[in-house]
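Per-entry structural report
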Amino acid sequence: MEPHSARVVGTETGFRYLPDRLDEAAQRRLLAEVERIGEAAPFDRFVMPGTGRPLSIDMTNAGPLGWVSDRSGYRYSPAHLRTGLPWPPIPDLLLALWRELTDYPAPPECCLINLYQGVGAKLGMHRDQDEEAFDAPILSVSLGDAAMFRLGGRRRGDPARTFVVQSGTVMVFAGEARTFYHGVDRILPGTSALIPGGGRINLTLRRVTRPR
Ligand code: SIN
Ligand code: FE2
C-alpha cells in the first residue's frame, strides 16, 4: 500500500494521483453542488445487466449524458431513468478542473456521481468502456471518507496496486491508464467529517462521444 504517493504508478501510463488537489473550501462547495444535483436527479441503486443484482452504491449524474445500468445493459442516457428529466449541468468548478488538468479539446459530457455508504459499499474491478472517446482522459474527484482504491492494468489479471484516496484527491486516467482495470475495495468509515452521516462520494468526468 502506498498512501499519499504521487508515484503509485509510473507516469508513463498516463495516470496522475493528486492528493489534496481540492482544499476543504472547494470540497464543501462541491458537496453543496452534489446535494443540489441529487435533489434534481435523485440517486438510484442500479442493477447489473443480466442478473439484475443491485450494486452496493447509489448513483446519479450531471451533464448532457448520464451513465446508467439496468437489466438491458450499461449505457449513456440523456435523461434520468425514473424522472425522465435531463440531468442537471456539470458544476463549473469541475469543468474548470477538466480544463486545467487535461488538454482535451472538448468538455466532458458526463459526470457520474457514486455514493458509498455503509460497510458493504464497494465497486468491483472494471474498465470504463461504454464511451466512444477513448482518447479523452477520465478525471476522478473524491469527497468524504477515504477509500481503498485498486488500480490494475490493461488485462483483468494484471498486477494491481491498492492505495488510499482521501477527500480532495483528484486522479487523472489518461493515455494507457484510460482503460486500466480499477475498483474500490472498501470505504474507511469515520475518516472524514465532510459528509453528514459519513460516506464517500466519487465524481468522474467523462467525454462520451467523439468531438466533431
Ligand atoms: C468508478 O470507477 O466509476 C469510480 C471509482 C471511485 O469511486 O473512485
Ligand atoms: Fe470506473
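Attention in this report is confined to the structure presented alongside it. Since we're looking at a predicted model, the values are computed, not measured. (Residues numbered from 1 in each chain as written. Chains lettered and ligands numbered in written order. Predicted model: local features only at pLDDT ≥ 70, side-chain atom pairs only at ≥ 80, totals over all residues. Heavy atoms only, no water.)

**A short note on the overall build of the protein chain**
Selection rule: Strands here are runs of E lasting at least two residues and helices are runs of H or I lasting at least four, both read from the DSSP assignment and numbered beginning at the N terminus. Using C-alpha atoms as the atom set, the radius of gyration is obtained and then compared with a globule rule of 2.2 Å times the number of residues to the power 0.38. When accessible area is computed with a 1.4 Å probe and restricted to protein chains, residues below 20% of their type maximum are described as buried, those above 50% as exposed, and intermediate ones as partly exposed. Here, residues are in contact when the closest pair of their heavy atoms is within 4.5 Å. In these tables, accessible area is a Shrake-Rupley quantity obtained with a 1.4 Å probe, and a residue counts as shielded only by the protein chains included in the view.
Each helix and strand in the protein chain was counted, giving 2 helices and 12 strands. Element order for the protein chain, N to C, with α for helix and β for strand: β-α-β-β-β-α-β-β-β-β-β-β-β-β. Expected size for 212 residues packed as a compact globule is a radius of gyration near 17 Å; at 16 Å, the protein chain falls within 12% of this value. When the backbone C-alpha atoms are referred to their principal axes, the protein chain occupies close to 45 × 40 × 35 Å. Within the protein chain, the fraction of its 212 residues that count as buried is 55%. Of the contacts made within the protein chain by residues no fewer than 6 positions apart, 73% connect residues no fewer than 24 positions apart. As presented, the protein chain carries roughly 10,100 Å² of accessible surface, and 52% of it is formed by carbon and sulfur atoms.

**Thoughts on the side chain of His80**
The criterion, for reference: Between N or O atoms, a polar contact is any pair within 3.5 Å; within protein, one atom must be a potential hydrogen donor and the other a potential acceptor, and residues adjacent in sequence are included only when both atoms are from side chains.
Structurally, His80 can be placed in the loop between strand E4 (73-77) and helix H2 (92-101). For His80, a relative accessible area of 2% puts it in the buried group. Separated by 2.8 Å, the side chain of His80 and the backbone oxygen of Pro42 make a polar contact. Beyond its immediate chain neighbours, meaning those up to four positions away, His80 contacts Ala41, Pro42, Asp44, Thr60, Leu85 and Trp87.

**Considerations on the coordination of the iron ion (ligand 2)**
The test is simple: Sites may look incomplete, because water is not among the atoms used; the donor set itself consists of N, O and S atoms within 2.8 Å of the metal (3.2 Å for Na, K and Ca). In this scheme the shape depends on donor count and angles: four donors with every angle between 85 and 135 degrees give tetrahedral, four or six donors with opposite pairs above 155 degrees and others between 65 and 115 give square planar or octahedral in turn, and any other case is irregular.
Donor atoms from the polypeptide that bind the iron ion (ligand 2) are His126 (NE2), Asp128 (OD) and His182 (NE2), placed at 2.1 to 2.2 Å. Relative to the metal, the 4 donor atoms surrounding the iron ion (ligand 2) lie at angles of 88 to 172 degrees, and the coordination shape comes out irregular. Sequence spacing among the residues donating to the iron ion (ligand 2) works out to H-x1-D-x53-H. One end of the pair, Asp128, is in the loop between strand E6 (123-126) and strand E7 (138-144); the other, His182, is in strand E11 (residues 182-188), with 54 residues separating them in the sequence. We classify Asp128 as buried; its relative accessible area is 6%.

**What about the sheet that holds strand E12 (residues 200-206)?**
Worth spelling out the cut-off: By the convention used here, strands pair only if DSSP detects at least 2 bridges between them. Here an axis means a line fitted to C-alpha atoms, over the contact stretch when the element is a helix, while the angle between two N-to-C directions is reported on a 0 to 180 degree scale.
The 6 strands are arranged E1-E10-E7-E12-E5-E2 in an open sheet whose pairing can be described as antiparallel. Each edge of the sheet is formed by a strand with only one pairing partner; in this case those strands are strand E1 (15-18) and strand E2 (58-62). Sheet twist, expressed as the mean angle between neighbouring strand axes with direction ignored, is 15 degrees. Of the strand pairs in this sheet, E2 and strand E5 (residues 110-116) are connected by 5 bridges, and their pairing is antiparallel. Bridge pairing in E5 places Ala62 opposite Cys111. Taken strand by strand, H2 contacts E1, E5, E7, strand E10 (170-173) and E12, and its axis lies near 130 degrees from that of E7.

**Here's the deal with the pairing of E12**
Taking burial as the measure, the 7 residues of E12 include 7 buried ones, the bulk of the element. What you see with E12 is no split at all: Arg200, Asn202, Thr204 and Arg206 on one side and Ile201, Leu203 and Leu205 on the other are buried throughout. As paired elements, E5 and E12 share 7 bridges and run antiparallel to each other. Looking across to E12, one finds that Cys111 is bridged to Leu205.

**Observations concerning the state of the cysteines**
Should the sulfur atoms of two cysteines be covalently bonded, the bond is a disulfide. Stated precisely, the cut-off is as follows: Disulfides are defined in this document as cysteine sulfur pairs within 2.5 Å.
Considering all chains together, one arrives at 0 disulfides under this definition. Its sulfur unpaired, Cys110 is 6.8 Å from the next cysteine sulfur, which belongs to Cys111. Residue classification places Cys111 among the buried positions, given a relative accessible area of 0%.

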